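# Observations on chain architecture
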Amino acid sequence: MRVALAVPFDDERRLIASADHYGHSVIATCSGGDELALRLAQQPVDLAIVAATPAHLTSTLVESADLLGVRMLVVAEDAVAKRHARRMGIVDVVDGALGWELLGGGAAERADDVVLPTGSGGAGVVIAVWGPHGAPGRTSIAIALAAEFAAFGRRVVLVDADTHAAAVAPALGLLDEAPGFAAACRLAGIGGLDETQFERVAHIHHASGHPFRVLTGLGRPERWPELGDERIRAMLTASRRFCDVLVVDVAASLEQDEHLASDVVVPRRNAATLAVLRDADHVLAIGAADPVGISRLLRAHAELGEHVAPDRVVVAVNKVRSSVIGLDPAGQVRQTLARFGGVQDAALIPWDRGAFDAALLGGRALAAASPRSAARQAIRDLAERLLPGSAPSGARRRRGRRLA
């Protein structure tokens, strides 16, 4: 295992001298936490062993480790060190003197994997991300929201339920993944979607710093007949037991085609979208901030009202910029939505092409690709609006369970 150290000098020398005996390689030693934060971004590290002292365990180090997905083993030798670790948001602190023996037993389980937050045990919230045709950014926003909820310490599942053009898998670099959404629906349809099976069909996305599970969509759109209304609703019901937040990316079309007349009754192609919208606790309606996108959003928003109660809908306008709207683009968008659609208090997401391109290039969420982007901050605020009180009031908490 490749290990980086931020520990007192005497402990550092002792750990380096005995590393080979325990099968580990110390590839970085740092006198302080801020120095280690820089080193983590420069070279691959499997584990960082950190002493729970103000000099070694710093807020910069905790933030960097979270963002880069680097595992930390934080060791506290006394009560003072424990209190400091808790102030830094570290819950799983290892007691005892620094030594390689700490990597055995329970300490190894805490340090050996990036952890997912503990689930709520049955009260998972379903958030559907929907929008009209024309690429308003449904998938990008769904991925970004999932990452924000994960950063809040929630156990998150991102589902690609778009039966027309599934895009979550390629956006996250999961090009060879089997369609986890279809597998989960089939299992739920026969009452076989327990937590073990759920974890088997879901992919764990690590690249965004705070891991979350992903149920990838149909690689071939022609497979949509595998998905029926009852299977989808059963999958949503079962999945609520395994997560705190279920973010579901759905297709644009709300058409309700009749069942095809043939020897076999075939589900409707838009059954996934309609079933998710019907069962979702919140529906995020995404539109693009340009004349065509706003017009499409206003028309589609009226149609959405035929399927979803208004109090469950939150409108967000993506790609807000003056180059296509003119002066005061935010004000103009708000005024247009209020005047022609009766939409008040829409969330506005500024257009940051560079940040979104960097996220797509790296197969990551926006929070990991460009954490200081104005678009990222707007999406973080949107996540807090959808689930008030979900963001931690102080430092991030690192707690949870093993991935597998």
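Residue indices begin from 1 for each chain and proceed along its sequence in written order. For this predicted model, a pLDDT threshold of at least 70 governs which residues receive local features, and a threshold of 80 or more governs which side-chain atom pairs are given and counted, while totals over whole chains, interfaces and linings are taken from all residues. Each side-chain value is derived from all of the structure's non-hydrogen atoms; neither hydrogens nor water enter the calculation.

Starting at the N terminus, helices and strands are each numbered in turn, a helix being any DSSP run of H or I of at least four residues and a strand any DSSP run of E of at least two. Helix and strand counts for the protein stand at 17 helices and 13 strands. Only protein chains enter the calculation, and the probe is 1.4 Å; a residue is then buried if its accessible area is under 20% of its type maximum, exposed if over 50%, and partly exposed in between. Looking at the 404 residues of the protein, the share that counts as buried comes to 53%. Once local pairs closer than 6 in sequence are excluded, the contacts in the protein between residues at least 24 apart make up 72%. Per-residue and other accessible areas were derived by the Shrake-Rupley procedure at a 1.4 Å probe size, with only the shown protein chains allowed to occlude residues. For the protein, the exposed surface amounts to about 17,800 Å²; the carbon and sulfur share of it is 50%. The contact rule is simple, with two residues in contact once any of their heavy atoms fall within 4.5 Å.

Once that is clear, we can look at helix 4 (residues 79–87). For helix 4, every residue scored as buried is listed here: A81, H84 and A85. Along the long axis of helix 4, the arc covered by the buried residues comes to 100°, so they all point the same way. Pointing more than 90 degrees away from the buried face of helix 4 are the exposed residues V80, R86 and R87. The inward-facing, buried residues of helix 4 contact strand 4 (71–76). Any pair of N or O atoms that falls within 3.5 Å is considered a polar contact. Within protein, one atom must be able to donate a hydrogen and the other to accept it, and sequence-neighbouring residues count only if both atoms are side-chain atoms. Of the residues that open helix 4, the one with a side-chain oxygen 3.2 Å from the backbone nitrogen of V80 is D78. With its phi angle positive at about 85°, G89 sits one or two positions after the end of helix 4. Working definition: the arc comes from the directions between the helix axis and the C-beta atoms, pointing outward to the latter.

For two strands to be treated as a pair, DSSP must find no fewer than two bridges joining them. The strand order 8-9-7-10-6-11-12-13 describes an open sheet built from 8 strands, whose pairing is mixed. Among the strands making up the open sheet, the edge pair consists of strand 8 (203–205) and strand 13 (347–350). Averaged over all neighbouring strand pairs, the angle between strand axes comes to 25°, with direction disregarded. Relative to strand 10 (residues 245–250), strand 7 (residues 156–161) runs parallel, the two being bridged by 6 bridges. Directly across from L158, in strand 10, lies its bridge partner V247. Convention adopted: a line fitted to C-alpha atoms gives each axis, helices being fitted over their contacting stretch, and angles between N-to-C directions are expressed from 0 to 180 degrees.

A separate point is the packing of aromatic side chains. A pair of aromatic rings is counted whenever rings of Phe, Tyr or Trp (Trp by its six-membered ring) have centres within 6.5 Å, and the orientation is called stacked for planes under 30 degrees apart, edge-to-face for over 60 and tilted otherwise. Applying the stated criterion across every chain yields a total of 3 aromatic pairs. Ring centres of F198 and F242 lie 5.1 Å apart, and the angle between their planes is 50°; this geometry places the pair in the tilted category. In this pair, F198 is assigned in helix 9 (residues 195–201) and F242 in the loop between helix 10 (229–239) and strand 10, connecting sequence segments 44 residues apart. In this pair, the class of F198 matches that of F242, namely buried. Measuring from ring centre to ring centre gives 5.6 Å for W351 and F356, while their planes differ by 25°; the resulting arrangement is stacked.

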